[in-house]
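# Tertiary structure, described
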Amino acid sequence: MSGHSTYKPTTGLGKFMDERLPIVRLVHDSFVSFPVPRNLNNWYTFGGILMIMLVSQIITGIVIAMHYTPEATMAFDSVHLLRRDVSYGNTLQVWHAVGASMFFVAVYIHIFRGLYYGSYKAPREVLWILGVVIYLLMMATAFMGYVLPWGQMSYWGAQVITSFFSAIPLVGETVREYLLGGYAVGNATLNRFFSLHYLLPFMIAGIVILHVWTLHVTGQTNPTGVEVKSKQDVIPFTPYATVKDAFAMVVFMIIMCYFVFYMPDYLGHADNYIKADPLTTPAHIVPEWYFLPFYAVLRAVDFNIGIPFTDIVLIDSKLGGVLAMFGAIAVLFFVPWLDTSDVKSANYRPTYKIFFWIFAINAVFLGYLGSRPAEGIWIPLMKASTFWYFLHFIVIMPLLGWFEKPLPRPASITDAVLSKASSGGASQIDGAAAEPQSKG
Amino acid sequence: MKTVFKKFTTMISAAVMASGLALLGTSAASAAGYPLEKPREQDWTFSGPFGYYDKAQLQRGLKVYVEVCAACHSMNLLSYRNLGDLGYTDAQIKNFAAEYEVTDGPNDDGEMFERPAMPTDRFVGPYANDKEAAAANNGALPPDFTLLAKARAPERGFPTFIFDIFTMYAENGADYIYSLLTGYQDAPEGVDVGELYYNPYFAAGNALAMANPLSEDLVEFDDGTASTVEQQAKDITAFMMWAADPNLPQRKQRGFIVILFLVIFAGLLYFTKKKVWSDVAH
Ligand code: HEM
């Protein structure tokens, strides 16, 4: 989309369309001739993997929705009859459920790739923000989807998560009632969640188009963090990135299939094999694994915040927890400005690199804490881990930009590649690679 | 290319680790440390990549169910026709179903009537509804059996839950039920369980409302298998696993073919990629 188009229609129909609706040109410029840095590593394949996952969720979702009954007394049975009696029903239903988890595996890797290579820095702030919007929509979609099978964890998870909204001062209860369609989770809730769960993936698809559009305006980053400077630095998307992404997708698919066919329940919760029962609370209500870090943040705030030495409470613990949890996501929107360093790649930021890995380990640990009950030793650990999460973004990121001494960066991508190749010795160098290899 | 491969291995392990987080969720700490004892792991025909159901075992399990457990436990999602999976003929299934009565109607006179069950009918349960079931059992509801083998999964703990990915351990529910059925003991000194029955394998406490349902020679197996408590427990558990996951063997066979295809496809793509990239230093 950026730069000038190299597409040349060859057939009569091609020329006719190109002058009226140049859609083939659009595809050609976006996925064939689009120049990508020649040194992208495999962490850059996850965007493509995410696209495939989105399509896969939409297709399986549409088919299983044909067998689903969004009604509180029938939803649970309808899902299980689909699994038992419909041909390929088992595979489709599990594919959709495991697919949601794998979608999050991919998106977390994608986000951490961005944090490592400084993908959010100018001029890619909008690209990053659209990504965070996608992530938010994914979470909403996944949460509502999880309610649909109407198992015990579906029901009680919905109960807990919708209660967050009642923490909002003044209007909270009203907001919650609108969300639930009543005073408690029930049939009305199930109906509106089904409707929204069907809607949101298409909104995600819309934002993905914007996400990729901005990407094609700014171009991709690369492991050196040095922007593209010459034709030498880039190669055409097809065949290079196409074949590389295809390979990565198939490897990802193998891992996914391992879970789908051999361990379909590993990523889920056994309690969801029990039909929702409003009168029996499960011993422990836990969200799906991909929400666990935020669940730990929520429960880390178990104290009221008020004016010292008085009894005046400004923010009670419930609202505090909810604010912290939403804050943990909201802070991502500000990352492009919290990071004050103009060096993009962590490869040339020795201190940031260390803190990046500490942050990553802390995030996984926060997930572990999310699965623990809020009692005993776990509470102070949740607090410490939450504290570090925010400290990283709000204090460490800005300070490092000012105090860290970055390593010398290569003059260009080609320079970096060539010095690697000559120290490695083996591969030959070919500047002509910048020319598209295949024509049409 | 070697480094690419190495990078992929790291990425795969990253993905696996991330998904490993899942079981943390799956297995949030059980209340106050129940069950007291972890389930004892058993050998099952349905474990592993080539898992299958042993029809003779399922038939024995059905017998235990019908003669013992069906007095209290329903199997609501199962139809009589499903018994074809166990190796019974259509005629056998028809006769089996006909032993039960179902309410049908209304007929042309507008009245409901009783008729013998047909293969397409769902399993007839022992009670009219959950309220009656609980009332008949001192307030404790005997859970429906259809999905029970998948509805119990005591916490595996760190780091076992990570190894489980690689050992393909997915028989937690079956191990649990087997351990529970063979785990009844006298309550230790000083522990008062009231009206309940002590069992350290029970997930929700140290005792449950169900008395030990099994005993030596309680059921006579048609194939001459010795009817020990362990045998009965194993067979009913396998039967329950089948009920909860009747498509398991087909699922695993399908998975084998799909993954085999993908691995070959990935291999081809790998060499294509190598060829395509051979003229670019990167
Ligand atoms: C449905 C979910 C998503 C899809 C389909 C998607 C798709 C893509 C694609 C195809 C690319 C280019 C290939 C790549 O670099 O991997 C990309 C790049 C990018 N994505 Fe996403 N993405 C998604 C979610 C997100 C999220 C949640 C974030 C961040 C919060 C994000 C941030 C970025 C950034 C910053 C880049 C540019 C990378 C760079 O050039 O360094 N994306 N995305």
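Let us look at the structure shown here.

Thresholds, definitions, all that
Residues numbered from 1 in each chain as written. Chains lettered and ligands numbered in written order. Predicted model: local features only at pLDDT ≥ 70, side-chain atom pairs only at ≥ 80, totals over all residues. Heavy atoms only, no water. Helix = DSSP H or I, 4+ residues; strand = E, 2+ residues; numbered from the N terminus. Buried < 20%, exposed > 50% of the residue type's maximum accessible area, 1.4 Å probe, protein only. Contact = heavy atoms within 4.5 Å. Areas by Shrake-Rupley, 256 points an atom, 1.4 Å probe, with all protein chains shown as cover. Donors = N, O, S within 2.8 Å, 3.2 Å for Na, K, Ca; no water. Tetrahedral: all angles 85-135°; square planar, octahedral: opposite > 155°, others 65-115°. Near = heavy atom within 4 Å. Polar contact = N/O pair within 3.5 Å; in protein donor to acceptor, adjacent residues only side chain to side chain. Nonpolar A, V, L, I, M, F, W, Y, C, P; charged D, E, K, R; others polar. Patch = residues over 30% accessible without salt bridge, like charges linked within 9 Å, V, L, I, M, F, W, Y side chains within 5 Å. Salt bridge = Lys/Arg side-chain N within 4 Å of Asp/Glu carboxyl O. Buried area = accessible area lost by both parts, 1.4 Å probe.

## Some details on the overall build of chain B
On a plain count of helices and strands, chain B comes out with 8 helices and 4 strands. Going from N to C terminus, chain B has its helices and strands arranged as α-α-α-β-β-α-α-α-β-β-α-α. Taking all 282 residues of chain B together, 45% fall into the buried category. At a minimum sequence separation of 6, the contacts of chain B that also span at least 24 residues come to 65%. Just so you have it, chain B exposes about 14200 Å², and 56% of that area is on carbon and sulfur atoms.

## Concerning the coordination of the iron atom of the ligand
Residues and elements named next belong to chain A. The protein atoms that coordinate the iron atom of the ligand are His-110 (NE2) and His-211 (NE2), at distances spanning 2.1 Å. Each of the 6 donor atoms bound to the iron atom of the ligand contributes to angles spanning 81 to 178 degrees, and the resulting shape is octahedral. Highlighted residues: His-110 in helix α5 (residues 89-117) and His-211 in helix α9 (residues 187-218), separated in sequence by 101 residues. Exposure class is identical for His-110 and His-211. Each is buried.

## Quick look at the site of the ligand
Residue and element names in this part refer to chain A. Around the ligand, the surrounding shell holds 23 residues, and the nearest of these are His-110, Arg-113, Ser-119, His-211 and Thr-221. Contact between the ligand and Tyr-44: an oxygen atom at 3.0 Å from a main-chain N or O atom of the residue. Between the ligand and the protein, one listed contact pairs a nitrogen atom with a side-chain N or O atom of His-211 at 2.8 Å. Of all elements in the fold, only α3 (46-65), α5, α6 (125-147) and α9 reach the threshold of two or more residues within the shell around the ligand. Residue contributions to the shell around the ligand peak at 6 residues, all from α6. The class makeup of the residues in the shell around the ligand is 14 nonpolar, 8 polar and 1 charged.

## Section: a nonpolar patch on the surface
All names here are of chain A. A cluster of nonpolar side chains, namely Leu-13, Phe-16, Met-17, Leu-21, Ile-23, Val-24, Leu-26, Val-27, Phe-31 and Met-51, defines an oily patch on the protein surface of about 890 Å² accessible area. Position of Ile-23 relative to the elements: it lies in helix α2 (residues 23-31). Residue class for Ile-23 comes out partly exposed when judged on its relative accessible area of 45%.

## Some details on the interface of chain A and chain B
On the side of chain B, 68 residues touch chain A, which itself brings 69 residues to the contact. Between chain A and chain B, a total of about 6000 Å² is buried, with carbon and sulfur atoms accounting for 69% of that surface. Of all residues in chain A, the largest losses of buried area upon contact with chain B belong to Arg-84, Tyr-262 and Tyr-266 of chain A, amounting jointly to 15% of the total for that side. The interface formed by chain A and chain B includes 3 salt bridges. Across the chain A-chain B interface, the total number found is 14 residue pairs in polar contact (both at pLDDT 80 or more). Contributing elements (two or more residues each) for the side of chain A that touches chain B: α4 (75-85), α5, α10 (237-262), α14 (350-370) and α16 (413-424) of chain A. For the side of chain A that touches chain B, the leading source of residues is α10 of chain A, giving 19 residues. Counted by class, the side of chain A that touches chain B contains 44 nonpolar, 14 polar and 11 charged residues.

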